[in-house]
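Coordinates in review
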Amino acid sequence: MRFRHPDGSTVHLAYCTNVHPAETLDGVLAQLRDHCEPVRRRLGRDRLGIGLWLARDAAHALVTDPSALRGLRTELEHRGLEVVTLNGFPYEGFGAEEVKYRVYQPDWADPERLAHTTDLARVLAQLLPDDVTEGSISTLPLAWRTAYDQERATAAHTALTTLAERLDALHELTGRSLRIGLEPEPGCTVETTRDALAPLTAIGHDRIGICLDTCHLATSFEDPHTALDALAQARVPIVKSQLSAALHAEHPHLPEVRAALAAFDEPRFLHQTRTLTAAGLRGTDDLGEALAGDALPDASPWRAHFHVPLHAAPAAPLTSTLPVLRAALTRLVGGPHPLTHHLEVETYTWQALPPELRPRARAQLADGIAAELTLARDLLTDLGLKELP
């Protein structure tokens, strides 16, 4: 979906396909048919943006087979879909029964991460619509915090610098300008936007910036205005923003609140949980750990890294951090000029919701994704953007 900002520029809105498990190119093509096109039809749009997730095997197949890449582009056009952004964070196995810490491997100190992201860039340069010259890719925020020493930090810095050089060369070759955004996430070396400032300013290349995920921002209790002010002051580009909402518990000391939270403690994904105390941010790696005993202080609200559907906040006594998303979006695109032109709804946890909230069929999932995009569209038009055909 495209929107015209009052300054005349185009803002793109997509939804991320990592909600649909697929490791191979055939699986990606099936996603377009079974999920993405039905969502577009529900929205009554001739064109829908998708933030494509390509696992390692799918990306490798596309970059080594020009005919396969041409076939994917043709299929996108046939189904009324367009791609201006990729999700390059998960490497493989994102649809596995247990993902947890595996999603952070390989990290930016491992050669495989550079190779995969280079493949993604080469693919995206060929998938961009004819009238679009700028693309974005979100990626791992360097590494998970453990086992990340100075040697690995140096290797990661070198890899990102090499990637920037490759993107420069790709621009010269294709005329397509691609940028990479490190996506701060709780528990990682770069957990917050503040953590991103030092490594990104050290790299100092405008092709390497940040992907602002509003669920992660909220989980770490970052104020959107403070975060965006700091990024602007440091001249760190916001490559894209993922529109998502975290799980919020106002009174985690109450038994009924803990019981409600426990329903979201599931085995597939990591749900880092945080609380803001007088001594600073405290947290656990997973929701179950927070609920067990006194691992996390409960005198102040808790937030958990669980991407809840934007249009459907959890039932009381829980809620979501949608207000944080609204505040961030107002700053991102509500000013005289957009701070980013790529927005992506990223609720990948539909099948990880408590059983009674999960979609039971493809049609229900398509309905839910369409409802999220409708909410995002309404937020954008309320900010003065005009939806384009």
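Criteria and cut-off values
- Residues numbered from 1 in each chain as written.
- Predicted model: local features only at pLDDT ≥ 70, side-chain atom pairs only at ≥ 80, totals over all residues.
- Heavy atoms only, no water.
- Phe/Tyr/Trp six-rings, centres within 6.5 Å; stacked < 30°, edge-to-face > 60°.
- Helix = DSSP H or I, 4+ residues; strand = E, 2+ residues; numbered from the N terminus.
- Buried < 20%, exposed > 50% of the residue type's maximum accessible area, 1.4 Å probe, protein only.
- Lys NZ or Arg CZ within 6 Å of the ring centre and 35° of its normal.
- 1 Å grid on protein atoms, 1.4 Å probe; cavity = no way out; pocket = protein on both sides within 12 Å on 5 of 7 lines; lining within 4 Å.
- Points joined across faces, edges and corners; volume = space filled by probe spheres on them.
- Nonpolar A, V, L, I, M, F, W, Y, C, P; charged D, E, K, R; others polar.

Next up on the list: the packing of aromatic side chains. How two aromatic rings sit relative to each other is given by the distance of their centres and the angle of their planes. Taken as a whole, this structure holds eight aromatic pairs when the rule is applied. Here Phe94 and Phe269 contribute two aromatic rings whose centre-to-centre distance is 5.2 Å and whose plane-to-plane angle is 45°, an arrangement assigned as tilted. A residue pair is termed long-range when its members are at least 10 positions apart, and Phe94 in the loop between β4 (81-87) and α4 (111-127) and Phe269 in the loop between α9 (255-262) and β10 (273-277) qualify at 175 residues. Taking the relative accessible area as the measure of exposure, Phe94 reaches 7% and is therefore buried. One aromatic cluster is present, formed by Trp53, Phe94, Phe269 and Tyr348 through successive ring pairs. Its end group placed over the ring of Phe221, Arg303 keeps NZ or CZ at 4.4 Å from the ring centre.

Moving on, we come to empty space enclosed by the protein. Enumeration over the complete set of coordinates arrives at two cavities of 30 Å³ or more. Taken as a whole, the largest cavity encloses approximately 160 Å³ of empty space. For the lining of the largest cavity, the class distribution of residues is nine nonpolar, five polar and five charged. In this structure, the second largest cavity encloses a volume near 50 Å³. What lines the second largest cavity is Pro184, Glu191, Thr192, Thr193, Cys211, Leu212, Asp213, His216, Leu217 and Glu222. No other element matches strand β7 (residues 208-213), which puts three residues into the lining of the second largest cavity. By residue class, the composition of the lining of the second largest cavity is four nonpolar, three polar and three charged.

Just distances and angles here, no functional claims.
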